[in-house]
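Geometric and topological summary
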Amino acid sequence: MKKALLPVNNISKERKVSGKEALTKLLRWHFGHSAYRGKQLEAIESVLSGRDCFCLMPTGGGKSICYQIPALAKPGIVLVVSPLIGFEFIECIVFLHDHSLNVMALKEKGVAAEYLSSTQTTQVRNKIHEELESGNPGLRLLYVTPELIATTGFMSKLTKIHSRGLLNLIAVDEAHCISTWGHDFRPSYRKLASLRKRLPGVPILALTATAVPKVQVDVIESLDMENPLVLKSSFNRPNIYYEVRFKDLLTDPYVDLTDLIKSCGDVCGIVYCLERTTCDDLASHLSTNGISCAAYHAGLNNKLRTSVLDDWISAKTQVVVATVAFGMVFYSPNSNLLFVGNFSLRQFILNNADNKKSPSSSLQDRPPKKSIDDFNLMVEYCETSGCRRKKILDSFGEQVSTSLCKKTCDACKNPNQVEKYLEELKAICSLGNRIGSSKIFVSSSSKPVDEVDFSEYWSRDDEAVVSEDDISDDDDGIDVQECLTQSALPSKSKFSEKMDFLQRAEEKYYQKNDHDKQSNKHDKNAISETTRESCKQRLLNSLKQTQQRLDTLQIDPEMSSLFLENECFKKYGKTGKSFYLSQVASTVRWLSTVDTADLTSRLATTNQNSTSKVASEVKPLTSVSPSVSDQVMKMINDKDHENVSLSPSQITLNDIKLPSIPSFSEFVNKKSSKDTYGVDKKPDKRSRLQ
Ligand SMILES: Nc1ncnc2c1ncn2[C@@H]1O[C@H](COP(=O)(O)OP(=O)(O)OP(=O)(O)O)[C@@H](O)[C@H]1O
Ligand SMILES: [Mg+2]
């Protein structure tokens, strides 16, 4: 039902509404909710009394009410600073909302609200400005972006309104964005630090769903909040069961995951992966095993991502295997949220985080302490026994007793079993550390990450480490927003209509964004000469280590590194940098365990029958006839690599059956099934950890 608008012409003459009963009446009349939830009323009463308030409530907890009710309960304007676009979760459906939708919904509820944005026409904006400058503005809620606050023009308008005593409250939504400690730091939020000085005496309400203790302090200090009332709702989700499974202890992680998803019945879910290639790989395995699923990452085109999202929301697809490009756009009481990862990736994540924060920093730099702390927390969560729920809540600064869990995590339900798995994992890890020179199995939680030697696999000491192709980047966050914006899904009454409206309004914005992204993608995917050079160097280093490991090996490391690099380039040069780098990394891994026979057969291009030969029969590259070496060099230097043959022996590289280079998962599985001497271990692993 559309509510009557409040009398807008005599705000300043109105009296303040106070008291639980009167405030609840406002809630019922305008929003249709029977009572306040959690800490809503406390937050409202705090700001109405003029006291700053920091409000930490989970996603969907109802933070908006905390500034919407004060807008109705007290004369003046409530300024709401929030990002242009946000999400709302209702009954497992993700709703995109932006200022325009918020305002539209509020108007329907009889609240005089407006927003100011570059997406509006000048005419509309002028009208709002006129109203703000009028003697008695009828507005109650004004939504703006932090970018607008940063402009001198708007700030001077605000100071005028303030000097006339018309500012009731400043609400900073998604306040964690102000903190560089947060996961979603936005430089535009930094400008909000001046609000207190520019607009003194107006209470500030900071709202967030994601602030860890450090961020909370940072938000309060950055906004210059005075003795704020700090309200924290519990982040405990009693309906979620927490469990950690170790890939290394599973016979077949794909089968395990398939069984788990099937055992959950008809629920939708997301499997998060670190890398795009893992998403594709896992999605195809799950599909083969009868699970309706699709991959989602920023490497897919917009159209495909939109359709994956639509299919998932409309339950055509049960599971999405995604990188963080999908964002946390998922909320459902019966959800399963799984993370597929490998701790050997830790250095990569840390390096990546480091490079994103400071592109100019030396690649030899240690990752920032924050990344290390965060990562150690995650490792501790997985690799130590003890209640998982408590660990999660601890990380939000919530002190709870383990009795809260009531056996709703694996560590509380089956403590002995978890201990046993951890012992087994440690045994496998120490075994992995002894094998060859690779440190892929680095995983001891008792050894802090910053003390661990850099993993050979990920310590890309070249520009390659900056590659953002392998892992989704910060920009990916907006990808899902784009897709939601483009989504044609009629998911709720009137929603499509609103989406269309939004789509048109935002068209310009996204066109520019798309264009920027396309040009970025193109650049990111190119394989530069510097990349190739550093890959050759990496392969050369590995070959030298291999030579040290294998006494009988006689090769020319220089030539061999050129050959192997070229092989990677020939195979994936056209596909793009991520595939190329991945193949180089595979080759480096392969070199760390390869035996003399396999390596020489790969390098000995004169050998026509190749793989069946034993090492002694195969000539290493050093003793390859000059003509063949020349051919290899020619091939390396030739621009059209696809068409080069190895005459005079009339053998093309494609004719030779080379030992295959295993993928990362094949490599890991192979490694964990062998002991130090390469002897297969007894197949004593469980197929499930339960
Ligand atoms: N007291 C209440 N009783 C019932 N429903 C409520 C109450 N307060 C808010 N809601 C509903 O909860 C939902 C989420 O509210 P809101 O969008 O304000 O959450 P939020 O905390 O801002 O979440 P997010 O972190 O996603 O921004 C809305 O549908 C809102 O109508
Ligand atoms: Mg919100």
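What counts and how
- Residues numbered from 1 in each chain as written.
- Chains lettered and ligands numbered in written order.
- Predicted model: local features only at pLDDT ≥ 70, side-chain atom pairs only at ≥ 80, totals over all residues.
- Heavy atoms only, no water.
- UniProt positions renumbered as here; feature names shortened; annotations may be inferred.
- Core = buried A, V, L, I, M, F, W, Y, C linked by side-chain atoms within 4.5 Å.
- Buried < 20%, exposed > 50% of the residue type's maximum accessible area, 1.4 Å probe, protein only.
- Helix = DSSP H or I, 4+ residues; strand = E, 2+ residues; numbered from the N terminus.
- Contact = heavy atoms within 4.5 Å.
- Near = heavy atom within 4 Å.
- Polar contact = N/O pair within 3.5 Å; in protein donor to acceptor, adjacent residues only side chain to side chain.
- Areas by Shrake-Rupley, 256 points an atom, 1.4 Å probe, with all protein chains shown as cover.
- Salt bridge = Lys/Arg side-chain N within 4 Å of Asp/Glu carboxyl O.
- Phe/Tyr/Trp six-rings, centres within 6.5 Å; stacked < 30°, edge-to-face > 60°.
- Lys NZ or Arg CZ within 6 Å of the ring centre and 35° of its normal.
- Pairing = 2+ DSSP bridges.
- Axes fitted to C-alpha atoms, helices over the stretch in contact; angles between N-to-C directions.
- Parallel < 35°, antiparallel > 145°, perpendicular 65-115°, else oblique.
- Left-handed = near helix turned anticlockwise from the far one by under 90°.
- Disulfide = S-S within 2.5 Å.
- Right-handed = clockwise from strand over helix to strand, strands pointing away.

For the protein, the name recorded in an unreviewed UniProt entry is ATP-dependent DNA helicase, with Ambrosia artemisiifolia as its organism. UniProt lists a comment for the protein under the heading Subcellular location (unreviewed entry), and it reads "Nucleus".

Counting residues in each nonpolar core, the largest one holds 39 residues, and the members touching the most others are Leu79, Leu142, Ile149, Leu192 and Leu223. Elements supplying a minimum of two residues to this core: β1 (53-56), β2 (77-81), α5 (122-133), β6 (141-144), α7 (152-163), β7 (167-172), β8 (204-208) and α10 (213-222). No other element matches α7, which puts four residues into this core. What Leu223 contacts, discounting residues up to four positions off in sequence, is Val172, Ile178, Leu192, Arg196, Ile204 and Ala206.

Neighbouring residues of ligand 1: 17 residues in total, closest Ala35, Gln40, Gly60, Lys63 and Ser64. Taking His33, its side chain carries an N or O atom lying 3.2 Å from an oxygen atom of ligand 1. With respect to ligand 1, the side chain of Gln40 contributes an N or O atom lying 2.9 Å from a nitrogen atom. For ligand 1, whose accessible area on its own is 640 Å², the fraction buried by protein is 81%.

Another point: the pattern of salt bridges. One pass over the full model with this rule turns up 12 salt bridges. Close ionic contact of Glu423 with Lys426 constitutes a salt bridge, the shortest N to O distance being 4.0 Å. With Glu423 and Lys426 both in helix α18 (residues 415-434) and three residues apart, this pair spans about one turn of that helix. Of the residues examined, Glu423 reaches a relative accessible area of 48% and is grouped as partly exposed.

Once that is clear, we can look at the packing of aromatic side chains. A full pass over the atoms with the stated rule returns one aromatic pair. Between the NZ or CZ atom of Arg532 and the centre of the ring of Phe569, over which it lies, the distance is 3.7 Å. Taking NZ or CZ as reference, Arg602 lies 5.1 Å from the ring centre of Trp590, over its face.

The next point concerns helix α3 (residues 65-73). For the α-helix, the turn length of 3.6 residues means that residues three or four positions removed from each other point alike. The buried fraction of α3 is high, at nine of nine residues. Where α3 is concerned, the buried positions are Ile65, Cys66, Tyr67, Gln68, Ile69, Pro70, Ala71, Leu72 and Ala73.

What follows is about the pairing of strand β10 (residues 269-273). Counting buried residues along β10, five of its five residues qualify, which places the element largely inside the surrounding structure. Burial along β10 is two-sided: the face carrying Gly269, Val271 and Cys273 and the face carrying Ile270 and Tyr272 are both buried. Of the pairings in the sheet, the one linking β10 to strand β12 (residues 319-322) comprises four bridges and is parallel in character. Residue pairing in the sheet places Ile270 in a bridge with Val320 of β12.

Running from amino to carboxyl end, helix α11 (residues 253-263) crosses helix α12 (residues 276-288) at an angle of 60°, the nearest separation of the two axes being 10 Å. The orientation of α11 with respect to α12, classified from their angle, is oblique. Where α11 crosses over α12, the two elements pack in a sense that is right-handed. Of the residues in α12, those touching α11 at Tyr254, Leu257, Thr258 and Ile261 are Asp281, Leu282, His285 and Leu286.

In terms of burial, helix α24 (residues 596-603) is a largely internal element, six of the eight residues being buried. Listing the buried residues of α24 in full gives Thr596, Leu599, Thr600, Ser601, Arg602 and Leu603. If you follow the buried residues of α24, they end up packed against α21 (529-549), α22 (557-572) and α23 (577-593).

The parallel open sheet is built from seven strands, whose spatial order is β5-β6-β2-β7-β8-β1-β9. What marks the edges here is a single partner per strand, and that holds for β5 (113-115) and β9 (229-232). Neighbour-to-neighbour, the strand axes of this sheet turn through a mean angle of 15°, independent of strand direction. Bridge count for β1 against β8 is four bridges, and the pairing is parallel. Within β8, the residue paired with Cys53 across the bridge is Leu205. Here α7 sits on the sheet and contacts β2, β6 and β7; the angle it forms with β2, its principal contact strand, is near 150°.

Before going further, it helps to examine unusual backbone geometry. A positive phi angle, close to 40°, is found at Asn227, a residue other than glycine. Inspection of the secondary structure puts Asn227 in the loop between α10 and β9. Since its relative accessible area comes to 59%, Asn227 is described here as exposed. Of note in this structure, Ala315 is not a glycine but carries a positive phi near 65°. Relative to the assigned elements, Ala315 resides in the loop between α13 (302-313) and β12. A residue is classified by how much of its surface remains accessible, and Ala315, at 58% relative accessible area, is exposed.

A separate point is the side chain of Ser179. Locating Ser179 in the fold gives a position in the loop between β7 and α8 (187-190). For Ser179, a relative accessible area of 0% gives the class buried. Only 2.6 Å separates the side chain of Ser179 from the side chain of Asp218, close enough to count as a polar contact. Contacts of Ser179, omitting those with residues within four sequence positions, involve Phe185, Arg190, Val215 and Asp218.

Glancing now at the state of the cysteines. For the coordinates displayed, the defined rule picks out zero disulfides. The thiol sulfur of Cys66 is not disulfide-bonded, and the nearest other cysteine sulfur, from Cys55, lies at 4.4 Å. A relative accessible area of 0% places Cys66 in the buried class. Free of any disulfide, Cys568 has its nearest cysteine sulfur in Cys535, 7.6 Å distant. The exposure class of Cys568 is buried, given its relative accessible area of 1%.

Relative to the helices and strands, Ile77 is located in strand β2. Separated by 88 residues in the primary sequence, Ile77 and Gly165 have C-alpha atoms spaced 9.5 Å apart.

The two faces of β6 match: Leu141 and Tyr143 on one face and Leu142 and Val144 on the other face are all buried. Taken together, the three bridges between β5 and β6 define a ladder with parallel strand orientation. Looking at the pairing, Glu114 lines up with Leu142 of β6. At this point the chain moves from β5, through α5, to the parallel β6, and the crossover so formed is right-handed.

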